[in-house]
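A closer look at the structure
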Amino acid sequence: DGSHVVYPEQVLSAISKKKARKFAIIGDNFQLSIPLYRLCQDCDVLVHEATSLSMDADQAAVRGHSTPEIAGLVAKNINAKVLALNHFGGKSGKDEMGVLEESEKSNGG
């Protein structure tokens, strides 16, 4: 029938020489657990929600959300190479510069 078996080393040899990338995606989480911090440590890309600006941090905490400032601190503490913010809510979704400034301020730029 012309079919044959393909083994991983036949098709993955070029890929196996490249360094693996580590991505962490954190959503709807005001406070991370220690095991989650450890799991995300030294990731190449951290995707973290930034639902509310810091001025609304109390409300965000009640709802289990984070601020850009919290996301920036998490990125700094876990040594993430890149921080990508998502899940913008009401006010923060309309204030892109505020989101950017808060996250940069908290993780050193």
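Computed from a predicted structure; not experimentally measured.

What follows deals with the sheet that holds strand E1 (residues 23-26). On the basis of which strands lie adjacent, the open sheet formed by three strands has the order E1-E2-E3 and parallel pairing. Edge strands, defined here as strands with exactly one partner in the open sheet, are E1 and strand E3 (82-86). Taking the axes of each pair of neighbouring strands and ignoring which way they run, one obtains an average angle of 15° across the sheet. In this sheet, strand E2 (residues 45-49) lies alongside E1 in parallel orientation, the contact comprising four bridges. Bridge assignment links Phe23 to a residue of E2, and that residue is Val45. Here helix H5 (residues 68-78) sits on the sheet and contacts E1, E2 and E3; the angle it forms with E2, its principal contact strand, is near 155°.

Time to look at a nonpolar patch on the surface. On the surface, Val6, Val11 and Leu12 cluster together into a nonpolar patch covering about 270 Å² of accessible area. With respect to the secondary-structure elements, Leu12 resides in the loop between helix H1 (8-11) and helix H2 (13-16). Given the relative accessible area of 42%, Leu12 is considered partly exposed.

A general feature of soluble globular proteins is that nonpolar side chains tend to end up buried together. Counting residues in hydrophobic clusters, the biggest one holds eleven residues: Ala24, Ile26, Leu32, Cys40, Cys43, Leu46, Ile70, Val74, Ala75, Ile78 and Ala80. The set of elements that each furnish at least two residues to this core consists of E1 and H5. Of all the elements, H5 adds the most residues to this core, at four residues. Residues within four places of Leu32 in sequence aside, it is in contact with Ile26, Tyr37 and Val74.

Taken together, the buried positions of H5 are Pro68, Ile70, Ala71, Gly72, Val74, Ala75 and Ile78. Backbone geometry just downstream of H5 places Asn79 in the positive-phi region, at approximately 65°.

Below, the discussion takes up the side chain of Asp44. For Asp44, the location among the structural elements is in the loop between helix H3 (34-40) and E2. For Asp44, a relative accessible area of 11% translates into the label buried. A polar contact of 2.8 Å, which involves the side chain of Asp44, links it to the backbone nitrogen of Lys22. Non-local contacts of Asp44, meaning those with residues more than four positions away in its chain, are made with Lys19, Ala20, Arg21, Lys22, Lys81 and Val82.

Conventions adopted
- Residues numbered from 1 in each chain as written.
- Predicted model: local features only at pLDDT ≥ 70, side-chain atom pairs only at ≥ 80, totals over all residues.
- Heavy atoms only, no water.
- Pairing = 2+ DSSP bridges.
- Helix = DSSP H or I, 4+ residues; strand = E, 2+ residues; numbered from the N terminus.
- Axes fitted to C-alpha atoms, helices over the stretch in contact; angles between N-to-C directions.
- Contact = heavy atoms within 4.5 Å.
- Patch = residues over 30% accessible without salt bridge, like charges linked within 9 Å, V, L, I, M, F, W, Y side chains within 5 Å.
- Areas by Shrake-Rupley, 256 points an atom, 1.4 Å probe, with all protein chains shown as cover.
- Salt bridge = Lys/Arg side-chain N within 4 Å of Asp/Glu carboxyl O.
- Buried < 20%, exposed > 50% of the residue type's maximum accessible area, 1.4 Å probe, protein only.
- Core = buried A, V, L, I, M, F, W, Y, C linked by side-chain atoms within 4.5 Å.
- Polar contact = N/O pair within 3.5 Å; in protein donor to acceptor, adjacent residues only side chain to side chain.

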